Structure formats: structure tokens, C-alpha cells
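Now for the letters of each chain:
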Amino acid sequence: MKEPPMQNWDSLWCNVNLATMAEACGYGEIHDGALAIRDGKIAWIGPRSALPADYHATEQHDGFGGWITPGLIDCHTHIVHAGNRSNEFEARLNGISYEEIARSGGGILSTVRATRAASADELLQQSLPRVLSLLAEGVTTIEIKSGYGLSLEAEAKMLQVARRIGATLPVTVKTTFLGAHALPPEFAGQADAYVDAVCAQMLPALAAQGLVDAVDAFCENIGFSPAQTERVFRAAQRLGLPVKLHAEQLSDQAGAALVARYHGLSADHLEYLSADGVQAMAQQGTVAVLLPGAYYFLRETKQPPIEALRAAAVPMAVATDCNPGTSPMTSLLLAMNMACTLFRLTPQEALAGATCHAAQALGIAATVGTLALGKRADLALWAISRPADLAYAIGHNPCLAVINAGARRTPRNS
């Protein structure tokens, strides 16, 4: 009888517990586990007692009795931008609403002015510290949206900077074109003409440059109508690009049902989501991306319909929504805590929201988001006693190490 071949691995992690996040419910826990990596992928996973007798690992790592989870995924950010909007934060605290600020030329347009004025290098240097804050907390993948350029040249600059972040730092970057974010000043009163430019000029040109992984829009009273949003979706569909949507943040525009109809990856925000929207998302497998930072920062009082989403088995992701106007947050751990305290997610749901469901919201669940054989070895090692600790503590970062495609880094020196 032939002997089984020796297991040859690049590295092996032992003395560690594993939260695989590969089960529909629960953390998928493996206590006193082991995880092997070869060629940047997970080559073996299971209880340490089940390790094959004959193996060779070039490097062996001690997990110090902590926990390994999939690397965290921030699936909704506007992290590339110039300037900040602390003045608007102060104005809102003095009684001026977000909509009033936006209609008076502030809001998104104030960031557009700053972003257009910044060079690509300046934009990169302003954005890198925000990304580094996320990486220090075990984040291995981030989504970065455009939408603060609102012209072909400025949108290209933003997306090129996003790609440079992925080339500069140990993080996977997925880019999203958000040209339909706001109406630029040169198109004042000409929303349909601007949507024409987004669909016929900007999106095709940016896609041809390989800068677009997905397409988004802001469907809202102060954004774009459902009809205008659908035109953007059709343009994306013609180019074979997946869609997602800022939906039902300030009012019910039936955006969630619209993006589900286009087999959208996600509908995000969802404070004003209707029962029909929930069912449409459930039928199409569209992920609900919860953004508690914006809810908190805007002092919103209407919560997303968590119980309805849960009952309909709609996957719920959690993200920072890092942006200068409504969620200047660079902590995904804090977003997980807020999702629990403000929206009543369980700690398990919050961790799933920042791993497997976040991967689904980006269309990359086949490669990351869970600890499973053959998946990319994007991992985070935590000095915690149980997985719920990640959503429990406020302002505490227990991340000991991060592994990106099999390569270990110290998170605080990323």
C-alpha cells in the first residue's frame, strides 16, 4: 500500500483557537486548533490533535492561546478624500440639518472641492493614515469608493489613488465607482445630463482603464432618483460590472428593491427599508450593509429593520462608512460594537458582518471571509478569550498579528 505524501507547508500556526466563520450560525469554533499555509492559501485546518503525523512546515508560529479569525473586511468606505468637515459637525450640533447643509453647497460638494484641488500624491498622503488605522485592527480587505471627484479626471484620480493604496500597503483594495454621488456644480439643475455623462463617458472610460470593480449610486431625495439610478445600473450591466446602492438612508426610495432587481451585491444604510425591500433582497441574495457610524454621527433615530432582515435570512454586513461628513470613523472594531449596541446585532452577527458577509457584499466570498481549505490566508490573530470580545470592548485593540496571503505582519507597524 502506497504511503500518503508528506504534507509540506510554508507555515503552521498552533496553540491557537480558530473562529472559522464557516457555519451559518455560531463562530465555527475549533479549540486548540492548527492552521497551515502553503502558497498564500490555507492548506490544512482542524484540531491540533488531528494534524497528520508526517508533515513539514518551514515556519512554525505560536498563537499564545489566542484566537485566529478571518482577516476583517471593511466593505463600505469613502476613505480616499481630501480635507475634513468638522465645521459641518459643529453646524449640525447648532441645529442645522444634514439636508440643509447639503442644499446650501456644503456636504458632499465641500469634499468635492477639496478633493479636486488635491494632487494625487496629496490625496494618497491624506488617505494612508486612515487606512493604517484599519490595518492595525486586523483589516486585510477594504472597499474604496470614488464619488468626491464628479468629473472624469477627478474620479480617475481617486480610483488611481485607491489602487496605489493596495500597491503600497499590505491590504486588498476593491474599488467602486460612485459617480452618481452628488450633482457637481457645473451640472447644477441638470441632473439627467450629468447622469448621461456618468453612463456614457465616465464609467466606460474608467472601466477601460481597469479602475472599477463595482458601481454604486446615492439614491435619495438629495441624491439621484430611482429612474436615474436605474440608468447607472444599466450602464454597469452593459459593461459586466456588479452594482450596489446607498439605499433608504434618509427616506424610502425603494432603492433596495431596485438594486436587488439588478442582482446587486449589496444595499447599504437601510434605515428606512420597507418590508417589500427586505423581501426583494432576500430573494436575490443581496447583502444588507449596516453602517452604524453614520447612524450615530447623524443622530438618526430610525433603525434599520434588523428583526425583519434576520427573519428573512438576509446576510448583514458591518462597515465603517469612513467618510468626512457622516462617519469619520477608522475603526471596524468600533463599528462592530456599535452594530451590537445600537442595532442589537449579536457579537457573532457582528463578526460575521465584518468577515464572511462583508466578503459576500464585495463579491469575493469564494476567496476570503472564512477559514477554509483553499481560501487565501488572510487572517488576524487576537489576544482574546472568546470571539465575542471583539465586539465587546470600546477603544481596545487586541490584534497581535495579521497575515496577508500567508505573509505575517505586525499590525501596529503596517
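Model, not experiment: these values are computed from the prediction. (Residues numbered from 1 in each chain as written. Predicted model: local features only at pLDDT ≥ 70, side-chain atom pairs only at ≥ 80, totals over all residues. Heavy atoms only, no water.)

Caption draft 1: Highlighting the sheet that holds strand 12 (residues 287–290). The sheet built from four strands is open, its strands ordered 10-11-12-13 with parallel pairing. The outermost strands of the open sheet, each flanked by one partner alone, are strand 10 (244–247) and strand 13 (316–318). Across the sheet, the mean angle from the axis of one strand to that of its neighbour is 25°, orientation sign disregarded. As paired strands, strand 10 and strand 11 (residues 266–269) are joined by four bridges and run parallel to one another. Within strand 11, the position partnered with His-246 by the bridge is Asp-268. (Pairing = 2+ DSSP bridges. Helix = DSSP H or I, 4+ residues; strand = E, 2+ residues; numbered from the N terminus. Axes fitted to C-alpha atoms, helices over the stretch in contact; angles between N-to-C directions.)

Caption draft 2: Here's a closer look at the packing of aromatic side chains. Evaluation of the coordinates by the stated rule reveals seven aromatic pairs. Relative to Phe-297, the ring of Phe-89 has its centre 4.9 Å away and its plane inclined at 15°; by these criteria the two rings are stacked. Of this pair, Phe-89 sits in helix 1 (residues 86–93) while Phe-297 sits in helix 10 (residues 292–297), and the two are 208 residues apart along the sequence. Look at Phe-89 and you get partly exposed, because its relative accessible area is 34%. (Phe/Tyr/Trp six-rings, centres within 6.5 Å; stacked < 30°, edge-to-face > 60°. Buried < 20%, exposed > 50% of the residue type's maximum accessible area, 1.4 Å probe, protein only.)

Caption draft 3: Molecular detail of the layout of surface pockets. One number sums up the size of the largest pocket: a volume of about 300 Å³. Along the walls of the largest pocket sit 16 residues, with Ala-102, Leu-109, Ala-182, Leu-183 and Ile-222 positioned nearest its centre. Among the elements of the structure, helix 2 (98–103) and helix 3 (108–117) are those that each provide at least two residues to the lining of the largest pocket. For the lining of the largest pocket, the per-class residue count stands at ten nonpolar, five polar and one charged. What lines the second largest pocket is a set of 16 residues, among which Ala-24, Met-316, Gln-348, Glu-349 and His-357 lie closest to the centre. No other element matches helix 13 (residues 347–353), which puts three residues into the lining of the second largest pocket. Looking at the lining of the second largest pocket, its residues break down into nine nonpolar, four polar and three charged. (1 Å grid on protein atoms, 1.4 Å probe; cavity = no way out; pocket = protein on both sides within 12 Å on 5 of 7 lines; lining within 4 Å. Points joined across faces, edges and corners; volume = space filled by probe spheres on them. Nonpolar A, V, L, I, M, F, W, Y, C, P; charged D, E, K, R; others polar.)

Caption draft 4: Local environment of the environment of His-56. Mapped onto the secondary structure, His-56 falls in strand 4 (residues 55–62). By relative accessible area, His-56 is classed as partly exposed at 41%.

Caption draft 5: Representation of the UniProt feature "binding site: N-formimidoyl-L-glutamate" (unreviewed entry) in the protein within the structure. Summarizing the sequence annotation, UniProt attributes the feature "binding site: N-formimidoyl-L-glutamate" (unreviewed entry) to Tyr-148, Asn-323 and Gly-325 in the numbering used throughout. In terms of the greatest pairwise C-alpha distance, the residues named above, spread along 178 residues, form a tight cluster of at most 11.6 Å across. As for the largest cavity, its lining draws on Tyr-148 and Asn-323 from among the annotated residues. Note on placement: Tyr-148 falls in the loop between strand 7 (139–145) and helix 5 (152–168). Among the secondary structure elements, Asn-323 is positioned in the loop between strand 13 and helix 12 (332–343). Using a relative accessible area of 5% as the deciding quantity, one classes Asn-323 as buried. (UniProt positions renumbered as here; feature names shortened; annotations may be inferred.)

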